[in-house]
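# Results of the structural survey
If you want the building blocks of each chain, they are given just below.
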Amino acid sequence: MPDQSETREKLFPATALPDSDWWQALWPEPLEVLGKVGLGKGMTAVDLCCGDGLFTAPRSSMLGGQVFAVDLDPENLVLAKHHVENSGAPPCTWITGDAMALDQLVQDKVDCVLIANTFHGVPDQTGLSKT
């Protein structure tokens, strides 16, 4: 049976989750970015490939917790959940699963699906775009 690092390399070749300082330098104001996307109170959103939760926590605050956070890696969901809890944002719905099966993972109607910092590492970008 392959170990976890072998599995990650197979799923995410030549990619890794950068540390929080790198993300903060790239996206210093995630809440501002989300506002520019057009998110607002009363909306429901999917944080697809949520990673460590950089956008999950502010999105949950902005939307009052109406966020489905989806990631293939259960360890990322632990990090994201911790990030949300430490921010004081309302809890999200946490889903471990493959983004390519989004229609099966989240069957509720949503207003927005946002994927940030992940698309470049997706092996089938066209397929994911159609999901």
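From a predicted model like this one, the values you see are computed outputs, not experimental measurements.

## A few points about the sheet that holds strand β3 (residues 93-96)
- Strand order across the open sheet formed by 4 strands is β3-β2-β1-β4, with parallel pairing between neighbours. With one partner strand each, in any of the chains shown, β3 and β4 (112-115) form the two edges of the open sheet. Within this sheet the neighbouring strands show an average axis-to-axis angle of 20 degrees, counted without direction.

## Notes on the nonpolar core
- One finds L34, L39 and L63 to be the most contacted residues of the largest nonpolar core, which totals 15 residues.
- Among the secondary structure elements, those contributing two or more residues to this core are α4 (56-63) and β4.
- Examining the composition of this core, we find that 3 residues originate from one element, α4, more than from any other.
- L39 has contacts with L34, A45, R59, M62, L63 and C112, leaving out every residue within four places of it along the chain.
- Membership of the second largest hydrophobic core comes to 9 residues, among which are V46, L48, F68 and V70.

## Here we look at the confidence of the model for the protein
- Across the protein, the average pLDDT comes to 80, with 72% of residues at 70 or higher.
- At the low end of the mean pLDDT range in the protein sits helix α1 (residues 4-11), at 52; at the high end sits β3, at 96.

## Some words on the pairing of β3
- The pairing of strand β2 (residues 67-71) with β3 spans 4 bridges and is parallel. Each residue of the ladder has a partner; that of A69, found in β3, is W94.
- Handedness of the β2-helix α5 (residues 74-87)-β3 crossover: right-handed.

## Some details on unusual backbone geometry
- A positive phi angle, near 60 degrees, is found at C49, a position not held by glycine.
- Structurally, C49 is set in the loop between β1 (45-48) and α4.

## Points about the pattern of salt bridges
- In total, this model carries 2 salt bridges according to the counting rule given.
- The partner of E32 in a salt bridge is K36, and the shortest N-O contact between them spans 3.4 Å. One end of the pair, E32, and the other, K36, are both in helix α3 (residues 30-37), 4 residues apart, so they sit about a helical turn from each other.
- Here R59 makes a salt bridge to D47, at a shortest N to O gap of 3.5 Å. One end of the pair, R59, is in helix α4; the other, D47, is in strand β1, with 12 residues separating them in the sequence. The pair R59 / D47 is uniform in exposure class, with both members buried.

Conventions adopted
Residues numbered from 1 in each chain as written. Predicted model: local features only at pLDDT ≥ 70, side-chain atom pairs only at ≥ 80, totals over all residues. Heavy atoms only, no water. Pairing = 2+ DSSP bridges. Helix = DSSP H or I, 4+ residues; strand = E, 2+ residues; numbered from the N terminus. Axes fitted to C-alpha atoms, helices over the stretch in contact; angles between N-to-C directions. Core = buried A, V, L, I, M, F, W, Y, C linked by side-chain atoms within 4.5 Å. Buried < 20%, exposed > 50% of the residue type's maximum accessible area, 1.4 Å probe, protein only. Contact = heavy atoms within 4.5 Å. pLDDT = per-residue confidence, 0-100. Right-handed = clockwise from strand over helix to strand, strands pointing away. Salt bridge = Lys/Arg side-chain N within 4 Å of Asp/Glu carboxyl O.

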